[in-house]
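For reference, the chains in residue letters:
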Amino acid sequence: MAMDAEARPMIKRFNLSWKGPLNPRLPMMLYVGKHKKSVINLITSGECSRFMVDHIGTQPAVLSTHLAIDTLSPDIIINPGTAGGFIKANASVGDVYLGHPQVCYHDRRINLPGFKEYGIGHYPTYQSDIIAEKMNLKTGVVTSGSSLDYTPHDLEIMSSYDGIVKDMEAASVAWVAQLYNIPFIAIKAITDLIDGNSPTEEEFLKNLRLASEMLCEKTFQLVDYLTTGE
Ligand code: SAH
């Protein structure tokens, strides 16, 4: 997970204990617990000691996913987080989506033969349509980039693959998961509406707490489903 505020309700809900940095030289933090027969490792990207903010974004997400796989050998990787949604896709603040059938990047424009699609990424997600139906969640393509805002070109790229859930990490986590052949699920709660009238920053901060609570409850159900098959 990218932000500490997103992870707090989850750490409480799963009753996880803080284990310190996943690697003593890096900022990523590890929290560990059990749910039925599964071991739950929650990793946050940690805080940037220079700018005193959470390490959000695509680069820390790659590093923490690699570190997590190398250290913990997980059977499945889940990336819970908050995201922007679209009114045109019927999203409301607090909605929870599973990324399906893929997660992509919308700001890696490489107009060279073969590299265009490589830039977009098209990383597959694991059984998210089946799970979303069972859990009564929305589904959609999650689209990641390195900015909270967007350019007209970003929007064009997003709509080329029906990207309707905009975040800053999912595609990076999915890329590393795919390299290692580990099933990947993105679960995202909507904090802001991209095609609405309020500025994203204001909406995000206003709704972060509510969305994180929704995210926590649905992620708990998701883990329960993955653990018990019910
Ligand atoms: N100013 C905020 C920073 C939030 S950045 C703060 O300091 O509290 C946004 C984080 O939430 C990222 O981790 C991203 O994955 C997610 N996110 C929520 N809404 C988003 C949107 N509209 N576009 C991109 N990412 C979004």
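Described in the following lines is the structure provided in the data block. Please read all numbers here as calculations on a predicted model, not as lab measurements.

Around the ligand, a shell composed of 18 residues is seen, among which Thr82, Lys166, Met168, Glu169 and Asp192 lie nearest. Within the side chain of lysine 166, an N or O atom sits 2.8 Å from a nitrogen atom of the ligand. At a separation of 2.6 Å, an oxygen atom of the ligand approaches a polar side-chain atom of glutamate 169. Taking 570 Å² as the accessible area of the ligand by itself, protein coverage stands at 84%.

On to the environment of methionine 3. Turning to its location among the elements, methionine 3 is positioned in the segment before α1 (4–13). Here methionine 3 falls in the buried class, since its relative accessible area comes to 16%. As for methionine 3 and histidine 55, which are separated by 52 residues in sequence, their C-alpha atoms are 7.2 Å apart. Residues within four places of methionine 3 in sequence aside, it is in contact with Asp54, Ile56, Phe204 and Leu208.

Bringing the sheet that holds strand β2 (residues 29–35) into the picture now. With respect to topology, three strands assemble into an open sheet ordered β1-β2-β3, the strand pairing being antiparallel. A strand with exactly one partner marks an edge of an open sheet, and here the two such strands are β1 (17–21) and β3 (38–44). Taking the axes of each pair of neighbouring strands and ignoring which way they run, one obtains an average angle of 25° across the sheet. With four bridges joining them, β1 and β2 adopt antiparallel strand pairing. Note that in β2 the partner of serine 17 across the bridge is valine 32. Where α1 meets the sheet, it contacts β2 and β3, and its direction lies at approximately 155° from that of β3. Against the sheet, helix α7 (residues 200–228) makes contact with β2 and β3, and its axis sits at roughly 55° relative to β2, the strand it touches most.

Rules used in this analysis
- Residues numbered from 1 in each chain as written.
- Predicted model: local features only at pLDDT ≥ 70, side-chain atom pairs only at ≥ 80, totals over all residues.
- Heavy atoms only, no water.
- Near = heavy atom within 4 Å.
- Polar contact = N/O pair within 3.5 Å; in protein donor to acceptor, adjacent residues only side chain to side chain.
- Areas by Shrake-Rupley, 256 points an atom, 1.4 Å probe, with all protein chains shown as cover.
- Helix = DSSP H or I, 4+ residues; strand = E, 2+ residues; numbered from the N terminus.
- Buried < 20%, exposed > 50% of the residue type's maximum accessible area, 1.4 Å probe, protein only.
- Contact = heavy atoms within 4.5 Å.
- Pairing = 2+ DSSP bridges.
- Axes fitted to C-alpha atoms, helices over the stretch in contact; angles between N-to-C directions.

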